[in-house]
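Structural characterization, general
The primary structure of each chain is shown beneath.
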Amino acid sequence: MAVCVAVIAKENYPLYIRSAPTENELKFHYMVHTSLDVVDEKISAMGKALVDQRELYLGLLYPTEDYKVYGYVTNSKVKFVMVVDSSNTALRDNEIRSMFRKLHNSYTDVMCNPFYNPGDRIQSRAFDSTVTSMMIQVC
Amino acid sequence: MDAPEAPLPPVIYTMENKPIVTCAGDQNLFTSIYPTLSQQLPREPMEWRRSYGRAPKMIHLESNFVQFKEELLPKDGNKALLTFPFLHIYWTECCLLKMSPSFETSITYARYSGHFSSVNSCLFCAKTRLDTEVYKATVKDDLTKWQNVLKAHSSVDWLIVVVENDAKKKNKTNILPRTSIVDKIRNDFCNKQSDRCVVLSDPLKDSSRTQESWNAFLTKLRTSLLMSFTKNLGKFEDDMRTLREKRTEPGWSFCDYFMVQEELAFVFEMLQQFEDALVQYDELDALFSQYVVNFGAGDGANWLTFFCQPVKSWNGLILRKPIDMEKRELIQRQEATLLDLRSYLFSRQCTLLLFLQRPWEVAQRALELLHGCVQELKLLEVSVPPGALDCWVFLSCLEVLQRIEGCCDRAQIDSNIAHTVGLWSYATEKLKSLGYLCGLVSEKGPNSEDLNRIVDLLAGLGAERPETANTAQSPYKKLKEALSSVEAFEKHYLDLSHAAIEMHTSIGRLRSAKFVGKDLAEFYMRKKSPQKAEVYLQGALKNYLAEGWALPITHTRKQLAECQKHLGQTENYLQTSSLLASDHHLTEDERKHFCREILSFASRQTDSPGQKIVLPLHCFAQLRDLHFTPSNAVVHVGGVLSVEITLCSQMPMPVHVEQVAINVHFSIEKNNYRKTAEWLTKHKTSNGTINFPTETSPLPVPQNNLPALELYEMFERSPSDNSLNTTGIICKNVHMLLRRQESSTSLETSSGVALEDGAHVLKCSGVTLEPGANRITFRTQAREPGTYTLRQLCASVGPVRFVLPHLYPPVQYDVYSQEPQLRVEPLADSLLAGIPQKVKFTVTTGHYTVKNGDSLQLSNAEAMLILCHAENRAVIYSNTREKASDALLRVQSSDKVTSISLPAAPAYHVIEFELEVLSLPSAPVTGGESSVLGMTESHGKHKDTQKAGQCMATTDHKVSIDCPWSIYSTVIALTFSVPFRTTHSLLSAGTRKYIQVCVQNLSELDFELSDGHLVDPDSNADLRLVPLNAKSPQHIHSKQSVFFVWELKWTREPPPSLRCRFSVGSSPASGGRLSIPLKPYTYEFRVENFFTLYNVRAEILPPSGTEHCRTGSLCSLEVSITRLSDLLEVDKDEALTESDEYFSTKLMYEVVDNSSNWAVCGKSSGVISMPVAARATHRVHMEVMPLFAGYLPLPDVRLFKYLPHHSAHSSQLDADSWIESDGLSVDKHVDEQPDGGGGGRCRGSAHLASGGEHRGLPMPRLQALPPGQVFNASVGTQVLVIPSKDDHVLEVSVT
């Protein structure tokens, strides 16, 4: 399903980034990093409206030949970026949304952990398994 | 006319298409009306109500009027909609005077009438002749034929227009025939649909009637057209849907269906309903996509396999024509490839979107399309020659961009870069991959294989299209040129890259710009121009560093390392290498490679000394912690300090470091109390380990990589009394922090690292740093006292210096020197005199080494003994309070000197021992004269201090000590407190006298008192002191008192004064065995005028006739003053007067009631002359009134000596007695005045004035009689006063 899932801090450094093991990790790092441009653009363009509507899903950030990059931003401006294989046409917007929501819930759990310092890299095993479940589902 | 054999008018697939309306009947008539009609028809919009719940639309109708021909009518199965005639009109005129060409035409039309089988719709615009015959003869036939043709084609949309001309009518004034013709037509052709026949009156005139009839006609025409649309399109759509539902059937062809639905799209486009037209294409698009997806999922449709044929042509999208007929025909012939179909579909969508003024959607859809096509080809496993798709995508991108540019102005494009930039970068990417594929990026240029590939690729492009042949910058030309040579490729690639970077930057997509820049850098590296690549790599790296993306950092750094190596930037290369060697994201081998790079450089350069390369330490090794021994980081001069650091080597292999050095900053802070040996050894008690925060490398480096704050607390003390003036925090490296930031410094340069040269360096040579933690120990011998701050850590590998520019948190050690010192302090809070007390001696050796035989010489104080015990032990501590040893202490005492021989002790140690001292109660304490209250303040002969009543008197003993390290003596003062305070008092009972001594224990200890003695040191034989005391010893608890009483008896006339000495033995109650006998405690005092001269007796008698005194009633107070002795020595003073051997003295009495129980009525005081003779008695009578009921004490009667004014003595009365004397002072002067009782009135003012006023006047003075001389016999007596009967209203009058 997803080939890469990333959580990016408000300051744009990665809190968590994991890609499908078979793939070239570096490529996704570049891709996710570049996608932040569009995330920033979307946030600033519709910032006000977004807050009002509580719409956190940013939609398709940009497509590439092989992948589609989707974005999601929490109220605290933590960004989730998910890269999906383009050939996986079965994946609809709604499914991406629900995956993001799932990711957000798991992230919230991580934040609720009193031993987790906000801003640190996420090393939670529960979060990891959530991500794994998203990556496996179809593959 | 021409019509029948004439070929079908070519369908022009442009926007010029209009729905077709056929015209039959009088052609001349129509020609005359046509201009007005074609102008008027689109003028007003009409609402088009749609089926299937689609929203109604306002629509401006236009029509293409063509001559009616039977061929125009669609045959069965013909799905063409564009050529479909939506309405058929028959034109005729009511009155026709001459045979017009139209008549001939109508005859011509009649030829077809035979074919007409059913006439459903026909607007027979019958320009009816005046007479119905004409109608009957020609028009009717014609109409019938026309209707029959329509019927045969089941066409129901028709209209008959009858034009009537008014001019004609007026002449005839016969309306009926005309009417009848219209009616006739209606009758003949429009059964039940009379509205199918419309009358148009005077169409070419300008009258209101004309206008009206035009309006009616146009409305009818529009309505009819729309109805026809609705009906025919609805039917068409139904058919189309039916066709679509058959898509699962085996013979179904997508291409056929495509053509059908496109027809619908064409019609909508024709009607200017571009939205609807676009919907048709989008539906087709979606349908096709779904098929491809299903195919990918294994659900293959037969027809789709056709699209899977290998790609042979990749000439890109063609968007410059509204309709690409070439591709359309391919589709129609079912020969189109997937790319053809997609290209055609997109070109149509593009056209429609541009009509809709949505060029940005074109760009967005284009990107999706291109991505989609690439995916679909992959999914369908279509064989594509390598590079073909890249060509196709490249051409398509540029085509879309040029198309958009063609229809927008510059400003619009500039403000919508966000939409097009994707296409730009996609084109760049594709050109790049083409370049790499065809060997155009390599240094040597393409080889033969590459050249073949280029030729193949160019072949697949085909010939350039005619539309773009004249455009200089056409995508086709660009690609062809780019592939033609290395130089051309470079030019085009750079153009595109720069354009993409510029666009990304201009809309703030810096990351994307950097990413494209990295590609560009890669390209430059391939082209062997690293100097151009470096900028882009640095830029990208800066960005990744700023945002903390570890993998991109590593990757970019690797590229940068290569670049720097090529550029020969040794320092930068080494720094990057060290960063890479410590990078955990690299493989072990890669890390080792970079580590070796550094080491080989280091070994190569050893022969040319002088050149140093300074690199930051943190990428080479990290300082984890630092440990001092001694752990408080305080060392005396000459002492050894060792610093142990833990360096965590980041290198993947052991590295031999020639030297590790710590630069130390030395500062002397002489006047700082905190730097004294005492403070340092006592207060600096850290555990000696300083941990350094590990650098969190994965997290982003803060944007401003400033050195950490070096903060220190600061105290400023006043020089005089060392009190704190100000305190605060100071930052020692302000100069570093407030430096202006160079805006262009790259994060990778070592600008911040500067090697400091300091005189003080801790060094450690020849260390091999293993990967991971290494412990390195530095040893140093402390020399100068002061504070040493560790500032820099530097590891040298050959000429390479790895420097940690600042140690944070700041680390310091202190070196102190100390003078030898002796301190003597009591063990307890205070020393008590009279009993043995322990005193602690502390010898701080400082820099002096105590040798065997060194001793302290104490010059003995007189009254202080140093008690020597057999074994005194001295303990030797190091300066850090660690016990070193203990030794026996020898104390030798001689008369004047006590010598303590010290045990040998090294420098900077402390010798501690305790000695017992005893302060002797040297001379007896003497009491002064008895005060009025019989209290004597004790005064020591030595300096005693006594503050409040509860404070002990103290005695200081000064001991001078000669120390071996100094020629000067040390004088030490020990303060002993006297635990007791002694007071005495004289008590009288008539003429019998008693002496009472009170011993008060002020200390915290309990004592035992024994052998209390009171002796007269003058041994006056006439006097005896008879003790009335309890048996000794007596226990005296802390803070309590013991009283001793003696009766004083004498046989002869007693002396005016008596000296007494009280002595009592004291020892601590819990002291146990005492080594030496303690001297008794003594107290000396003097008792004076203890012999009783006067007896005063007062008595209160109830009023006569009553048994008891009552409140409010006057009672009499009888005072009798009796002299008890004859003239004595003490009487001889100024008050004594002699006359005829008789002596008398003047006394003043005074009755005072301080408790306000009594009101004294009349005079309360008076002066009497008292004979100096035994038993001389003076009585005074006065009246007093009790104010309260109960047993009341009698008022006081006081007796004073009344001295004449010339007396040289000053009055002994203190201010209090004056005040208490109740207005006396004024009265004294006036003496016996009976009116002296005004005291109450003048109390305030008189006394205020008294002090100064009396000084200059010859005034008599009063002197209190010593307490021993007056005995008040009635003291303590009480009188019963009973309340008066009506004590509710008690009136008290006091005069």
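The shown structure was predicted, so the numbers you read here are calculated from the model rather than taken from an experiment.

**Looking at the overall build of chain A**
When you go through chain A residue by residue, the secondary structure sums to four helices and five strands. Relative to its full complement of 139 residues, chain A shows a buried share of 53%. Sequence-distant contacts, at least 24 apart, represent 56% of the contacts inside chain A between residues at least 6 apart. On chain A, roughly 6500 Å² of surface is accessible, and the fraction owed to carbon and sulfur atoms is 52%.

**Considerations on the interface of chain B and chain A**
Listed by partner, the interface residues are 29 residues for chain B and 28 residues for chain A. Summed over both sides, the interface of chain B with chain A buries roughly 2500 Å², with 58% coming from carbon and sulfur. Remark: the boundary between chain B and chain A carries five salt bridges. The partner of Asp 66 of chain A in a salt bridge is Lys 378 of chain B, and the shortest N-O contact between them spans 2.8 Å. Viewed at the interface, chain A and chain B are joined by 15 residue pairs in polar contact (both at pLDDT 80 or more). Listed by contribution, the elements that provide at least two residues to the side of chain B that touches chain A are helix 8 (274-296), helix 12 (359-379), helix 15 (417-437), helix 19 (510-526), helix 20 (530-547) and helix 21 (550-567) of chain B. For the side of chain B that touches chain A, the element with the most residues is helix 19 of chain B, which contributes five residues.

**Regarding the pattern of salt bridges**
Scanning the model with the defined rule gives 39 salt bridges over all chains in all. Residue Asp 37 of chain A is joined to Arg 511 of chain B by a salt bridge in which the shortest nitrogen-to-oxygen separation is 3.1 Å. Linking Asp 37 of chain A in helix 1 (residues 25-45) with Arg 511 of chain B in helix 19, this pair reaches from one chain into another. No difference in accessibility class separates Asp 37 of chain A from Arg 511 of chain B, as the two residues are buried. The partner of Lys 430 of chain B in a salt bridge is Glu 65 of chain A, and the shortest N-O contact between them spans 2.5 Å. In this pair, Lys 430 of chain B is assigned in helix 15 and Glu 65 of chain A in the loop between strand 3 (57-63) and strand 4 (67-73), connecting two distinct chains. Of the two residues, Lys 430 of chain B and Glu 65 of chain A, both sit in the buried class. Linked by salt bridges that have partners in common, Glu 275, Asp 282, Arg 358, Glu 361 and Arg 365 of chain B make up one network.

**As for the nonpolar core**
All names here are of chain B. Counting residues in hydrophobic clusters, the biggest one holds 148 residues, and the most contacted among them are Leu 37, Trp 91 and Phe 254. The contacts of Phe 254, once residues within four sequence positions are left out, are Leu 284, Leu 287, Phe 288, Trp 303, Phe 307 and Leu 341. Ranked by size, the runner-up nonpolar core spans 53 residues in total, among them Leu 580, Cys 595, Val 767 and Tyr 813.

**Quick word on the packing of helix 1 of chain A against helix 19 of chain B**
Running from N to C, helix 1 of chain A and helix 19 of chain B point in directions that differ by 145°, and their axes come no closer than 7 Å. Taken together, the residues of helix 19 of chain B that come into contact with helix 1 of chain A (itself represented by Tyr 30, His 33, Thr 34, Leu 36, Asp 37 and Asp 40 of chain A) are Leu 510, Arg 511, Ser 512, Phe 515 and Lys 518 of chain B. Along the lines of polarity and charge, the residues of the contact of helix 1 of chain A with helix 19 of chain B split into four nonpolar, three polar and four charged.

**Things to note about the sheet that holds strand 44 (residues 1115-1123) of chain B**
Residues and elements named next belong to chain B. As summarised here, the arrangement of the five strands in space is 47-49-44-42-53, forming an open sheet in which the pairing is mixed. Two strands lie at the open edges of the sheet, namely strand 47 (1158-1161) and strand 53 (1270-1272), each paired on one side alone. Across the sheet, the mean angle from the axis of one strand to that of its neighbour is 30°, orientation sign disregarded. Sheet analysis places strand 47 next to strand 49 (residues 1177-1186), joined by four bridges and oriented antiparallel. The residue bridging Val 1160 from the neighbouring strand is Val 1184, located in strand 49.

**Examining the pairing of strand 5 (residues 79-85) of chain A**
Residues and elements named next belong to chain A. For strand 5, the tally of buried residues reaches six of seven residues, placing the bulk of the element in the interior. As paired strands, strand 1 (residues 2-8) and strand 5 are joined by six bridges and run antiparallel to one another. Paired with Ala 6 across the two strands is Val 81, which belongs to strand 5. Pairing of strand 4 with strand 5, which is carried by seven bridges, proceeds in the antiparallel orientation. If you follow Lys 68 over to strand 5, its bridge partner there is Val 84.

**Section: the packing of helix 7 (residues 254-270) of chain B against helix 11 (residues 338-355) of chain B**
Residues and elements named next belong to chain B. Look at helix 7 against helix 11: their axes get within 13 Å of each other, and the N-to-C directions meet at 10°. On the basis of their axis angle, the class for helix 7 and helix 11 is roughly parallel. The residues of helix 11 that touch helix 7, namely those facing Phe 254, Phe 258, Glu 262, Phe 266 and Glu 269, are Leu 341, Tyr 344, Leu 345, Arg 348, Leu 352 and Phe 355. Partitioning the contact of helix 7 with helix 11 into residue classes produces eight nonpolar, no polar and three charged.

**Considering the confidence of the model for chain A**
The predicted model of chain A averages 85 in pLDDT, with 91% of residues at 70 or higher. Element-level mean pLDDT values for chain A span from 61 in helix 2 (residues 47-53) of chain A up to 92 in helix 3 (residues 93-112) of chain A.

**Here we look at a nonpolar patch on the surface**
Taken together, the side chains of Leu 709, Leu 711 and Ile 729 of chain B make up a nonpolar region of the molecular surface, amounting to roughly 290 Å² of accessible area. Judged by its relative accessible area of 43%, Leu 711 of chain B is partly exposed.

**With respect to the environment of Lys 565 of chain B**
Along the chain, Lys 565 of chain B turns up in helix 21. Along the backbone, Lys 565 of chain B and Pro 530 of chain B are 35 residues apart, and their C-alpha atoms lie at a distance of 9.1 Å.

**Focus: the packing of aromatic side chains**
For the structure shown, the criterion picks out 39 aromatic pairs over all chains. Note on Phe 841 of chain B and Phe 913 of chain B: the rings are 5.1 Å apart at their centroids and 10° apart in plane angle, and the pair reads as stacked. Of the two residues, Phe 841 of chain B is situated in strand 23 (residues 836-844) and Phe 913 of chain B in strand 29 (residues 909-919); the sequence distance between them amounts to 72 residues. One exposure class covers both Phe 841 of chain B and Phe 913 of chain B, and it is buried. Three or more aromatic residues joined by ring pairs make a cluster, and in this case those are Trp 252, Phe 254, Tyr 257, Phe 258, Phe 288, Tyr 291, Phe 307 and Tyr 344 of chain B. Directly above the ring of Phe 28 of chain A sits Lys 27 of chain A, whose terminal nitrogen or CZ lies 5.3 Å from the centroid.

**A few points about the side chain of Asn 543 of chain B**
For Asn 543 of chain B, the position within the fold is in helix 20. When residues no more than four places from it in sequence are discounted, the contact partners of Asn 543 of chain B are His 33 of chain A together with Arg 511 and Lys 514 of chain B.

Conventions we followed
- Here the residue index of a chain counts from 1 through its sequence in written order.
- Chain labels run from A onward and ligand labels from 1 onward, assigned in the order the entries are written.
- Confidence filtering applies because this is a predicted model: local features only for residues at pLDDT of at least 70, side-chain atom pairs given and counted only at 80 or more, and all residues used for totals across whole chains, interfaces and linings.
- Heavy atoms from the whole structure form the basis of all side-chain values; hydrogens and water molecules are not counted.
- Under the scheme used here, helices are H or I runs from DSSP no shorter than 4 residues and strands are E runs no shorter than 2 residues, and both carry numbers assigned from the N terminus.
- For each residue, the accessible area found with a 1.4 Å probe, counting protein chains only, is set against the maximum for its type, and the residue is called buried under 20%, exposed over 50%, and partly exposed in between.
- Throughout, a contact is declared for two residues whenever any of their heavy atoms are within 4.5 Å.
- Here the Shrake-Rupley method, with its probe set to 1.4 Å, supplies the accessible areas, and only the displayed protein chains count as covering residues.
- Throughout, buried area stands for the accessible area (probe radius 1.4 Å) lost by two parts on being put together, summed over both.
- Should a side-chain nitrogen of Lys or Arg be within 4 Å of a carboxyl oxygen of Asp or Glu, the pair is scored as a salt bridge.
- Any pair of nitrogen or oxygen atoms within 3.5 Å is treated as a polar contact; in protein, a donor-acceptor pairing is required on top of that, and neighbouring residues in sequence qualify only through side-chain atoms on both sides.
- Remark: nonpolar core denotes a set of buried residues (Ala, Val, Leu, Ile, Met, Phe, Trp, Tyr, Cys) joined through side-chain atoms within 4.5 Å.
- Only C-alpha atoms enter the line fits that serve as axes; for helices the fit covers just the stretch in contact. Angles between N-to-C directions range over 0 to 180 degrees.
- Following the grouping adopted for this structure description, the nonpolar residues are Ala, Val, Leu, Ile, Met, Phe, Trp, Tyr, Cys and Pro, the charged ones are Asp, Glu, Lys and Arg, and the polar ones are all others, Gly among them.
- A strand pair is defined by DSSP finding two or more bridges across the two strands.
- Should an angle fall under 35 degrees it is taken as roughly parallel, and over 145 as roughly antiparallel, whereas 65 to 115 is taken as roughly perpendicular and any remaining angle as oblique.
- Each residue carries a pLDDT score, the predictor's own confidence in it, on a scale running from 0 to 100.
- What makes a patch is a set of residues exposed beyond 30% relative accessible area and free of salt bridges, joined within 9 Å when like-charged and within 5 Å when nonpolar (Val, Leu, Ile, Met, Phe, Trp, Tyr).
- Working definition: a ring pair exists when centres of Phe, Tyr or Trp rings (six-membered ring for Trp) sit within 6.5 Å. Plane angles under 30 degrees give stacked, over 60 give edge-to-face, the rest tilted.
- Put simply, a charge is over a ring when the Lys NZ or the Arg CZ is close to the ring centre, within 6 Å, and near the line of the ring normal, within 35 degrees.

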